[in-house]
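Spelled out from the first residue to the last, the chains are:
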Amino acid sequence: MGTLRDLQYALQEKIEELRQRDALIDELELELDQKDELIQRLQNELDKYRSVIKPATQQVHKQNELHEQQRTKRQAISAEPTAFDIQDLSHVTLPFYPKSPQSKDLIKEAILDNDFMKNLELSQIQEIVDCMYPVEYGKDSCIIKEGDVGSLVYVMEDGKVEVTKESLKLCTMGPGKVFGELAILYNCTRTATVKTLTNVKLWAIDRQCFQTIMMRTGLIKHTEYMEFLKSVPTFHGLQEDILSKLADVLEEVSVFS
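Residues numbered from 1 in each chain as written. Predicted model: local features only at pLDDT ≥ 70, side-chain atom pairs only at ≥ 80, totals over all residues. Heavy atoms only, no water.

- The protein carries the name Cyclic nucleotide-binding domain-containing protein in an unreviewed UniProt entry, which gives Sphaeramia orbicularis as its organism.

Laid out in structure tokens, this is it:
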């Protein structure tokens, strides 16, 4: 039979063990609360992300054809992306238009200088540069009309244009500027009118080509993030839809950080 001192020592060990278990339980409960908050925050961010960046619907595509059929005629790619599948998008053939090194640099710098497009990946920018085709307008021509459905993004190479909203002049733009991007990025109507002040030379890319580039890159990254999350022990056992949401947010952080 143990001495009183041995019993006291054993009791202290049990008390310390219980204290450590209580501390561990508190720590796990805190971690669980934090994960619940994280999941809720990620869900909110995901909802916001999907409400802003989404593919064009069939209805918008038909409107685009009615409003800008002539300008997009030579731009058609092999198929409009309607299925969110990497294999499907990987077989879509994007158009290629040769350019001088000076024109390539001008388009790239214009995109990097644009607040709404500067955070695109360099691989995406390169594909956009390759897919842009030349367009010319004479003096006093209307390139974009406020309120119209837009399906083209432009980069100015030569000339000058005037931008107005509700008949009020906003600014003039010269070479090395992007315009028309809001209608493509946010699936909305044209927010301003753009008219030429001189003869102009532009580079253009259409909505379906632009979104094919965005979706293809996004799906590849989404798959990579899913594989990464599955390899993290913390996320073992999580449902596929939760992992998918986490992957979406990882992609958002990567794009906008």
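Picking up where we left off.
### Some thoughts on the overall build of the protein
Phase 1 of the analysis: Broken down by element type, the protein carries 8 helices and 8 strands.
Phase 2 of the analysis: Out of the 257 residues belonging to the protein, those deemed buried represent 38%.
Phase 3 of the analysis: Of all intrachain contacts in the protein linking residues separated by at least 6 positions in sequence, the fraction that spans at least 24 positions is 74%. (Helix = DSSP H or I, 4+ residues; strand = E, 2+ residues; numbered from the N terminus. Buried < 20%, exposed > 50% of the residue type's maximum accessible area, 1.4 Å probe, protein only. Contact = heavy atoms within 4.5 Å.)

### So, the nonpolar core
Phase 1 of the analysis: In this structure, Met 117, Ile 128, Ile 205 and Phe 210 are the most contacted members of the largest nonpolar core, which totals 22 residues.
Phase 2 of the analysis: Ranked by size, the runner-up nonpolar core spans 18 residues in total, among them Ile 143, Tyr 154, Val 161 and Leu 202. (Core = buried A, V, L, I, M, F, W, Y, C linked by side-chain atoms within 4.5 Å.)

### A word on the packing of aromatic side chains
Phase 1 of the analysis: Under the defined criterion, the tally for this structure stands at 3 aromatic pairs.
Phase 2 of the analysis: Between Phe 116 and Tyr 186, the ring centres sit 6.2 Å apart and the planes meet at 80 degrees, which makes this aromatic pair edge-to-face. Of this pair, Phe 116 sits in the loop between helix H4 (101-112) and helix H5 (122-131) while Tyr 186 is found in the loop between helix H6 (181-185) and strand E7 (193-196), placing the two residues 70 residues apart along the sequence. (Phe/Tyr/Trp six-rings, centres within 6.5 Å; stacked < 30°, edge-to-face > 60°.)

### Remarks on the sheet that holds E7
Phase 1 of the analysis: The 4 strands are arranged E2-E7-E4-E5 in an open sheet whose pairing can be described as antiparallel. This sheet does not close on itself; its edge strands, each paired only once, are strand E2 (142-144) and strand E5 (168-173). This sheet shows a mean twist of 30 degrees between the axes of neighbouring strands, independent of strand direction.
Phase 2 of the analysis: Where strand E4 (residues 161-165) and E5 come together, 5 bridges link them in antiparallel fashion. Paired with Lys 165 across the two strands is Leu 168, which belongs to E5. (Pairing = 2+ DSSP bridges. Axes fitted to C-alpha atoms, helices over the stretch in contact; angles between N-to-C directions.)

### Looking at the sheet that holds strand E3 (residues 152-158)
Phase 1 of the analysis: Reading across the sheet, the 4 strands line up as E1-E8-E3-E6 and stay open at both edges, with antiparallel pairing between neighbours. At either margin of the open sheet sits one strand with a lone partner, and together these are strand E1 (133-137) and strand E6 (178-179).
Phase 2 of the analysis: Pairing of E3 with strand E8 (residues 200-206) involves 6 bridges; the strand directions are antiparallel. When the bridges of E8 are listed, Tyr 154 appears paired with Ala 204.
Phase 3 of the analysis: Strands in contact with H4 are E3, E6 and E8; relative to E3, the strand with the most contacts, it is inclined by about 125 degrees.

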